[in-house]
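Residue-level structure breakdown
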Amino acid sequence: MKVVMIGTGYVGLVSGTCFAEFGADVVCVDVDEKKVERLKNGEIPIYEPGLEDLVAKNVREGRLSFTTKLGEVAGSADLVFIAVGTPSRRGDGFADLSYVYEAARQVAPHLQGYTVIVDKSTVPVGTARNVSRLIRETNPQADFDVASNPEFLREGAAISDFMRPDRVVIGVDSPRAEKLLRELYRPLNLIEAPILATGLESAELIKYASNAFLATKISFINEISMLCESVGADVHAVAKGMGMDKRIGSKFLHAGPGYGGSCFPKDTQALVRIAQEHGVSSRIVESVIEVNAAQKARMIKKIREALGGSEAGKRIGVLGLTFKPETDDMRDAPALSILPPLIEKGARILAHDPQGVHEAKSMLPAEVEYTEDIYRVFDGVDAVVLMTEWNVYRGLDLARAGKAMREKVFIDLRNVYEKESMVAHGYRYVCVGR
Ligand code: NAD
């Protein structure tokens, strides 16, 4: 089976590589010449555990290649996936579909024989039908169907998520397209991964509804964490007790600095806009967004209070910048909302991140200093903020770290450490909801 993947970012590169691993012939296409050049040279442009080896293996075995020239490869494809970005449109929060529609326009003239065009990008309801219309207008002779196959992988665990998904959602209105997609995903039958075939609109909405629901769980526990702080409860215990109920489940009930990343912020916004466009209320998701923004603001206040009421002239060490561990993705990371206001008020920041520094440098104020040495972050600082729960921050030598600090204040926004042991090490320990 021949697959063309348009867009070779976090989703396109992982999906394309995994389809090749399933046995398909895959060409990943991108407009970014530098990215394609790096991939051709065996360099992986993103940090994703296990990806480098899997790409190398599939390239070596002749099933995976990279190009900028869509026109040269589209004609022979059975399936063309669109996996380009759908960021929030500046100013109004609608999903920006210009990259998706551009990809559809670009591929249309090159289609030969029956081809299924598959939206893998997260796109608002109605997009698949618009893509279909665009292709029909551009190439009235084309023999094609459009399908929706939203992606649920998590950065940091993308390969295992793709290879062992909870479910694969296929939105189709043509049995022929469904058959081809089921054929492509057939290797997953071995592990009995459920494949859910729905209509186009349902598939498109499943992705937004799923992300909005997960974001809701996070905002919910963050709101409860605030109540915990006021009443003297421990949010860990509360979340654990809630999560033991199988109807609730323990996942996504970790209090922290608020959700971030390349999906939840933009997808919750987009869902609200989709609802508005259709004259339907989405009060829960609107509140989720509000609570998340408030949580980030609350973290700034927490840090300020831990510094004695003002951050002016204070040195703050920061452990972790990416929105979660095991990725270099800085899109909408909480650090981007929390650190700039502190810097504006005169704080000086020295930060460490195992993979995110390169990205962070272009997104955080120029005043931020970076180090590759975790313990340098503690050197002469007035407080350390643990922002992202990378494993390397879980087993810190607390005695060594504390000795280097000017003030032993540890602000743990991910609740990684236990208060008793921090206090025993002489720290003033501030965390979330405990
Ligand atoms: P990304 O920004 O990492 O990658 C998008 C790529 O598409 C870029 O390399 C860009 O150069 C390329 N591109 C844009 N227009 C193109 C065109 N016309 N032809 C060829 N290439 C083009 O984005 P991503 O994080 O991979 O996300 C892609 C989509 O998948 C989004 O809709 C996102 O919401 C969704 N998604 C992302 C994740 C995630 O964890 N990142 C998970 C599930 C779904």
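Refer to the structure presented above.
Since this is a predicted model, take the numbers as computed values, not measurements. (Residues numbered from 1 in each chain as written. Predicted model: local features only at pLDDT ≥ 70, side-chain atom pairs only at ≥ 80, totals over all residues. Heavy atoms only, no water.)

Let's talk about the nonpolar core
Phe19, Leu79, Phe81, Leu181 and Tyr185 are the most contacted members of the largest nonpolar core, which totals 44 residues. Apart from residues no more than four positions distant in its own chain, Leu181 is found in contact with Leu79, Phe81, Val118, Ala147, Ile170 and Val172. Residues Met242, Leu307, Ala347 and Val409 belong to the second largest nonpolar core, which totals 39 residues. (Core = buried A, V, L, I, M, F, W, Y, C linked by side-chain atoms within 4.5 Å. Buried < 20%, exposed > 50% of the residue type's maximum accessible area, 1.4 Å probe, protein only. Contact = heavy atoms within 4.5 Å.)

Structural notes on the packing of helix H12 (residues 283-306) against helix H13 (residues 334-344)
Relative orientation of the contacting elements H12 and H13 amounts to 45°, with a least axis distance of 9 Å. The pairing of H12 with H13 is recorded here as oblique in orientation. In this structure, H12 meets H13 at a crossing whose hand is right-handed. Contacts from Lys296, Met299, Ile300 and Ile303 of H12 reach H13 at Pro334, Ser337, Ile338, Pro341 and Leu342. The residue inventory of the contact of H12 with H13, partitioned by class, reads seven nonpolar, one polar and one charged. (Axes fitted to C-alpha atoms, helices over the stretch in contact; angles between N-to-C directions. Helix = DSSP H or I, 4+ residues; strand = E, 2+ residues; numbered from the N terminus. Parallel < 35°, antiparallel > 145°, perpendicular 65-115°, else oblique. Left-handed = near helix turned anticlockwise from the far one by under 90°. Nonpolar A, V, L, I, M, F, W, Y, C, P; charged D, E, K, R; others polar.)

A closer look at the packing of aromatic side chains
Taken as a whole and assessed by the stated rule, the structure comprises 13 aromatic pairs. Between Phe19 and Phe22 the ring centres are 6.1 Å apart and the planes differ by 65°, which places this aromatic pair in the edge-to-face class. Here the residue Phe19 and the residue Phe22 both occupy positions in helix H1 (residues 10-22), the gap between them amounting to three residues, near one helical turn. When its relative accessible area of 0% is taken as the criterion, Phe19 is described as buried. Look at Tyr259 and Phe264: their rings are 5.9 Å apart centre to centre, the planes differ by 80°, and that puts the pair in the edge-to-face class. As far as burial versus exposure is concerned, Tyr259 and Phe264 are alike and both buried. Put simply, the rings of Phe19, Phe22, Phe81, Phe162 and Tyr185 touch in pairs and so form one group of aromatic residues. (Phe/Tyr/Trp six-rings, centres within 6.5 Å; stacked < 30°, edge-to-face > 60°.)

Structural notes on empty space enclosed by the protein
As enumerated under the stated definition, the model contains one cavity of 30 Å³ or more in all. In this model, the largest cavity occupies a volume close to 40 Å³. Surrounding the largest cavity, Asp119, Ser121, Thr122, Val123, Ser148, Pro150, Glu204 and Lys207 form its lining. When its residues are assigned to classes, the lining of the largest cavity shows two nonpolar, three polar and three charged. (1 Å grid on protein atoms, 1.4 Å probe; cavity = no way out; pocket = protein on both sides within 12 Å on 5 of 7 lines; lining within 4 Å. Points joined across faces, edges and corners; volume = space filled by probe spheres on them.)

Digging into the sheet that holds strand S9 (residues 315-319)
With parallel pairing, six strands are arranged side by side in an open sheet as S11-S10-S9-S12-S13-S14. The sheet is open, and its two edges are formed by strand S11 (369-370) and strand S14 (428-430), each paired on a single side. When strand S12 (residues 383-386) meets strand S13 (residues 409-412), the two strands line up parallel, connected through three bridges. Across the sheet, Val384 pairs through a bridge with Phe410, a residue of S13. (Pairing = 2+ DSSP bridges.)

Thoughts on the pattern of salt bridges
Oppositely charged side chains can pair when the atoms bearing their charge come close. A full pass over the atoms with the stated rule returns 25 salt bridges. For Arg176, the salt bridge is made with Asp143, and the minimal N-O distance between the two is 3.9 Å. Taken together, the residues span a long stretch of sequence, with Arg176 in helix H8 (residues 175-184) and Asp143 in the loop between helix H6 (127-138) and strand S6 (144-148) at a distance of 33 residues. Residue class for Arg176 comes out partly exposed when judged on its relative accessible area of 48%. Note on Asp143: relative accessible area 38%, which makes it partly exposed. (Salt bridge = Lys/Arg side-chain N within 4 Å of Asp/Glu carboxyl O.)

Topic: the site of the ligand
Around the ligand sit 27 residues in total, of which Asp30, Lys35, Thr86, Glu155 and Lys266 are the nearest. Within the complex, the protein chains bury 89% of what would otherwise be the 830 Å² of accessible surface of the ligand. Elements supplying a minimum of two residues to the shell around the ligand: H1 and helix H5 (98-107). Broken down by class, the residue content of the shell around the ligand amounts to 10 nonpolar, nine polar and eight charged. (Near = heavy atom within 4 Å. Areas by Shrake-Rupley, 256 points an atom, 1.4 Å probe, with all protein chains shown as cover.)

Observations concerning unusual backbone geometry
For Asp332, which is not glycine, the phi dihedral falls at a positive 55°. Here Asp332 shows up in the loop between S9 and H13. Its relative accessible area of 42% is what places Asp332 among the partly exposed residues. Look at Asn415: it is not a glycine, yet its phi comes out positive at around 55°. Along the chain, Asn415 turns up in the loop between S13 and helix H16 (419-424).

Some details on the packing of H6 against helix H9 (residues 200-231)
Packing of H6 against H9 leaves a shortest axis separation of 8 Å and a crossing angle of 125°. Between H6 and H9, the angle falls in the class oblique. Of the residues in H9, those in contact with Thr127, Ala128 and Arg129 of H6 are Leu200, Glu201 and Glu204. Of the residues contributing to the contact of H6 with H9, the split by class is two nonpolar, one polar and three charged.

Focus on the pairing of strand S8 (residues 195-198)
Judged from the four bridges that link them, strand S7 (residues 168-171) and S8 form a sheet pairing that is parallel. Its bridge partner lying in S8, Ile170 is registered against Ala197. For the crossover from S7 across H8 to S8, the handedness is right-handed. (Right-handed = clockwise from strand over helix to strand, strands pointing away.)

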